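Given next are the chains, with one letter for each unit.
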Amino acid sequence: DDVAQGQRIKCSLCTRALKKIKALAGDNPDEAAVTAALQKGCRALGRIMGRLCQRLVKKFQDQITEELQNGDMPRDICTAIGICRS
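Computed from a prediction, not measured in an experiment: that's the story for all the values here.

## Thoughts on helix H2 (residues 31-43)
A turn of α-helix holds 3.6 residues, and therefore any two residues three or four places apart point the same way.
Phase 1: With 13 residues, H2 should cover 18 Å at 1.5 Å per step; its first-to-last C-alpha distance of 19 Å lies within 8% of that length.
Phase 2: Looking only at H2, the buried set comprises Val34, Ala37, Leu38, Gly41 and Cys42. Looking straight down H2, one finds that the buried residues subtend no more than 115° of arc, so they occupy a single side. Looking at H2, the residues exposed on the side facing more than 90 degrees away from the buried face are Ala32 and Arg43.
Phase 3: Where H2 is buried, its residues touch helix H1 (2-25) and helix H3 (47-69).

In C-alpha cells, the structure reads:
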C-alpha cells in the first residue's frame, strides 16, 4: 500500500543520506566532523532530497551524531530514529 511505499522511500533516503554523511565524516569522527558532514552530505543529495535530508538532520541531529560517533551503520541509525522498520 501507499503508506508502506512511502515508508520504504523514506527509509531508503535516510540510509542513502547517512551513508554519504558517514563517508564524509571519516572513520573516527568527532562531533565537529559529523556536524560538517551533516551539512555537506545533505547538499550533495540535490535540491529535493537535500531538503528532506536537512529536515531529518535538524530533527535527529544529536542522535545521528552520537550514533555515527559510535560507528553504527546508516541502516541501524535510520531504524533507531524510527524511519526504517527493523
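## Re the UniProt feature "domain: Saposin B-type" (unreviewed entry) in the protein chain
Phase 1: Taking the UniProt record as the reference, the feature "domain: Saposin B-type" (unreviewed entry) is found at residues 7-86.
Phase 2: For the annotated span residues 7-86, helix accounts for 78% and strand for 0% of the residues, and the straight-line distance between the end C-alpha atoms is 12 Å.

## What about the packing of H1 against H3?
Phase 1: Relative orientation of the contacting elements H1 and H3 amounts to 65°, with a least axis distance of 10 Å. In this structure, the crossing between H1 and H3 has a hand that is right-handed. For the pair formed by H1 and H3, the contact residues are Leu13, Cys14, Arg16, Ala17, Leu18, Ile21 and Lys22 on the first element and Met49, Leu52, Cys53, Leu56, Val57, Ile64 and Leu68 on the second.
Phase 2: For the contact of H1 with H3, the per-class residue count stands at twelve nonpolar, no polar and two charged.

## Structural notes on the state of the cysteines
Phase 1: Going through the model one piece at a time under the given rule, you end up with three disulfides.
Phase 2: Here Cys11 is linked by a disulfide to Cys84, with a sulfur-sulfur distance of 2.0 Å. Sign of the S-S torsion, about 105° for the bond between Cys11 and Cys84, identifies this disulfide as right-handed. Of this pair, Cys11 sits in helix H1 while Cys84 sits in the segment after helix H4 (74-80); the two residues are 73 residues apart in sequence, bridging distant segments of the chain. Per residue, the accessibility class of Cys11 equals that of Cys84, and both read buried.
Phase 3: Sequence-ordered numbering of the bonded cysteines in the protein chain gives a pairing of 1-6, 2-5, 3-4.

Conventions used here
Residues numbered from 1 in each chain as written. Predicted model: local features only at pLDDT ≥ 70, side-chain atom pairs only at ≥ 80, totals over all residues. Heavy atoms only, no water. Helix = DSSP H or I, 4+ residues; strand = E, 2+ residues; numbered from the N terminus. Expected span 1.5 Å × (residues − 1). Buried < 20%, exposed > 50% of the residue type's maximum accessible area, 1.4 Å probe, protein only. Arc of directions from axis to C-beta. Contact = heavy atoms within 4.5 Å. UniProt positions renumbered as here; feature names shortened; annotations may be inferred. Axes fitted to C-alpha atoms, helices over the stretch in contact; angles between N-to-C directions. Left-handed = near helix turned anticlockwise from the far one by under 90°. Nonpolar A, V, L, I, M, F, W, Y, C, P; charged D, E, K, R; others polar. Disulfide = S-S within 2.5 Å.

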